[in-house]
Amino acid sequence: MSVDQVTTGQDDLDGLSRGAQSQVRSFFHVLGERLIPGTSTSYRVYWLMTDANGNDRTNALARHIYYRITDYCTPRSRIDEAHRLDALEGGNMHFSQLQDEARRLFLDADASGEGGELLLFFLLEAELRIPQILCKMPLKTNSQMPIHGVDGVHASLLEDGKLAVYWGESKLYKDVQSAMTSCFDSIEPFLLDDGTGIAHRDLTLVRDNLDVKNRDLALKLVRYFTDDAPERNLLEIRGACLVGFDNDPHEHPFFNSPAELVDTVGARIESWSSSIGTRVANRKIDTVEIEFFCLPLPSVKKLRDEFKTLIGM
């Protein structure tokens, strides 16, 4: 594969990302960014902002991720077709139908964790520009059963021709340590698997349901998921983790800069980083590249309840 081919593929894949970093920064201060020593885990704390009146933005955040359910749940080809038909006929009826379908998928799932999955989707696409390449929600065979496997699948083409595939896992718990343990319990088997064990089903789903607009790009990417293709040796498995948890008390003065906030909560930032590093080392996944999003919140229940209200649960 030539350098020009890789660059073209990178541009095509990166261009699938939705959202903007400015949207993320309207809700969060980003603190403590680092590579955790002795690991390949990139760590960031996303601290929920307040408005000028001192009100936390939990409900606004819930509304924002609710508005993203169509992107999260619907293959790009169906979204493009809805836009095409709406442009042809006038109005927004076809796109509104997709929004309703996505909402019903959440209603059928009746699972409280999907708010976290949408947050992870939002941060990976809008903040890191790593697009989702598989829509898992429509693939359920039984609308009353949760989707097994990882929460999300995202990917990025690297300059050396490798395809980095990110298995995503999110947990929203009241307790931070429980959230971290549960998150790593879920994702560890996928990160350690060689693609023939627990991860085989999800790799097969990706191969057969690649969610990219460009046919040439799809033909290029599918080879990374084909066992007898040379590109299969260039598939690199990575992780993307998000843990949201209650941070009581969750200080919310109106800081002039993230640096002022770090001065106040720096000890917690260091403690959470240390906890993640210990878990990564103990599970022997320290050489696996992981993007870790740490979200201390005033109340996980408040976020979950607001999201469920918007969905109609």
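All values derive from a computational prediction rather than experimental measurement.

The rules behind the values
- Residues numbered from 1 in each chain as written.
- Predicted model: local features only at pLDDT ≥ 70, side-chain atom pairs only at ≥ 80, totals over all residues.
- Heavy atoms only, no water.
- Salt bridge = Lys/Arg side-chain N within 4 Å of Asp/Glu carboxyl O.
- Helix = DSSP H or I, 4+ residues; strand = E, 2+ residues; numbered from the N terminus.
- Buried < 20%, exposed > 50% of the residue type's maximum accessible area, 1.4 Å probe, protein only.
- Pairing = 2+ DSSP bridges.
- Axes fitted to C-alpha atoms, helices over the stretch in contact; angles between N-to-C directions.
- Contact = heavy atoms within 4.5 Å.
- Phe/Tyr/Trp six-rings, centres within 6.5 Å; stacked < 30°, edge-to-face > 60°.
- Expected span 1.5 Å × (residues − 1).
- Arc of directions from axis to C-beta.
- 1 Å grid on protein atoms, 1.4 Å probe; cavity = no way out; pocket = protein on both sides within 12 Å on 5 of 7 lines; lining within 4 Å.
- Points joined across faces, edges and corners; volume = space filled by probe spheres on them.
- Nonpolar A, V, L, I, M, F, W, Y, C, P; charged D, E, K, R; others polar.

Visitor: What is the right way to read the pattern of salt bridges from this model?
Guide: Oppositely charged side chains can form a pair if their charged atoms are brought close together. All chains considered together, the criterion is met by 26 salt bridges. A salt bridge links Glu188 to Arg283; its shortest N-O distance comes to 2.7 Å. Within this pair, whereas Glu188 is found in helix H8 (residues 176-192), its partner Arg283 is found in the loop between helix H11 (258-282) and strand E7 (290-297), the two being separated by 95 residues in sequence. Judged by relative accessible area, which is 17%, Arg283 ranks as buried.

Visitor: Help me out: how do you make sense of the sheet that holds strand E2 (residues 41-48) in this one?
Guide: Where strands meet in a sheet, backbone hydrogen bonds hold them as pairs that are either parallel or antiparallel. Reading across the sheet, the seven strands line up as E1-E2-E7-E6-E5-E4-E3 and stay open at both edges, with mixed pairing between neighbours. Only two strands of the sheet have a single neighbouring strand rather than two, namely strand E1 (28-35) and strand E3 (132-134). Strand-to-strand, the axes of this sheet are offset by a mean angle of 25 degrees, without reference to chain direction. Its contacts with the sheet put helix H9 (residues 200-208) on E3, strand E4 (152-157), strand E5 (163-172) and strand E6 (235-246), and the angle it makes with E3 is roughly 95 degrees.

Visitor: Got a minute to help me understand unusual backbone geometry in this structure?
Guide: Comment: phi is negative for the bulk of residues other than glycine, and the bulk of peptide bonds are trans. One non-glycine residue with positive phi stands out, namely Arg129, at about 60 degrees. Tracing the chain through its elements places Arg129 in the loop between helix H7 (114-127) and E3. With a relative accessible area of 33%, Arg129 lands in the partly exposed category. The backbone phi angle of Lys284 is positive, close to 60 degrees, even though this residue is not glycine. Mapped onto the secondary structure, Lys284 falls in the loop between H11 and E7.

Visitor: Explain the packing of aromatic side chains to me, please; I cannot follow it from the model alone.
Guide: To describe a pair of aromatic rings, one takes the distance between the centres and the angle between the planes. All chains considered together, the criterion is met by nine aromatic pairs. With a centroid separation of 5.8 Å and an interplanar angle of 55 degrees, the aromatic rings of Tyr66 and Tyr67 are classed as tilted. When its relative accessible area of 13% is taken as the criterion, Tyr66 is described as buried. Aromatic rings pair up to connect Tyr72, Phe106, Phe121 and Phe307 into one cluster.

Visitor: Explain helix H12 (residues 300-311) to me, please; I cannot follow it from the model alone.
Guide: Structural remark: α-helix, 3.6 residues per turn; residues separated by three or four positions point the same way. With 12 residues, H12 extends 17 Å between its outermost C-alpha atoms, agreeing within 8% with the 16 Å of an ideal straight helix rising 1.5 Å per residue. Among the residues of H12, Val300, Leu303, Glu306, Phe307 and Ile311 are the ones counted as buried. Burial along H12 is one-sided: seen end-on, the buried residues are contained in an arc of 140 degrees. Exposed residues on H12 whose side chains face more than 90 degrees from its buried face are Lys301 and Thr309.

Visitor: What should I look at first to understand empty space enclosed by the protein in this one?
Guide: The rolling of a water-molecule-sized probe over the atoms marks out the regions of remaining empty space. Counted under the stated rule, the structure contains two cavities of 30 Å³ or more. Computed from the structure, the largest cavity encloses a volume of approximately 40 Å³. As for the largest cavity, its lining consists of Tyr72, Glu117, Leu120, Phe121, Gln132, Asp151, Gly152 and His154. Mapped by element, the contributors of at least two residues to the lining of the largest cavity are H7 and E4. Among the residues forming the lining of the largest cavity, the class breakdown is three nonpolar, three polar and two charged. The calculated volume of the second largest cavity comes to roughly 30 Å³. As for the second largest cavity, its lining consists of Tyr72, Gln132, Leu134, Lys136, Asp151, Gly152 and Val153. For the lining of the second largest cavity, the secondary structure elements donating two or more residues are E3 and E4.

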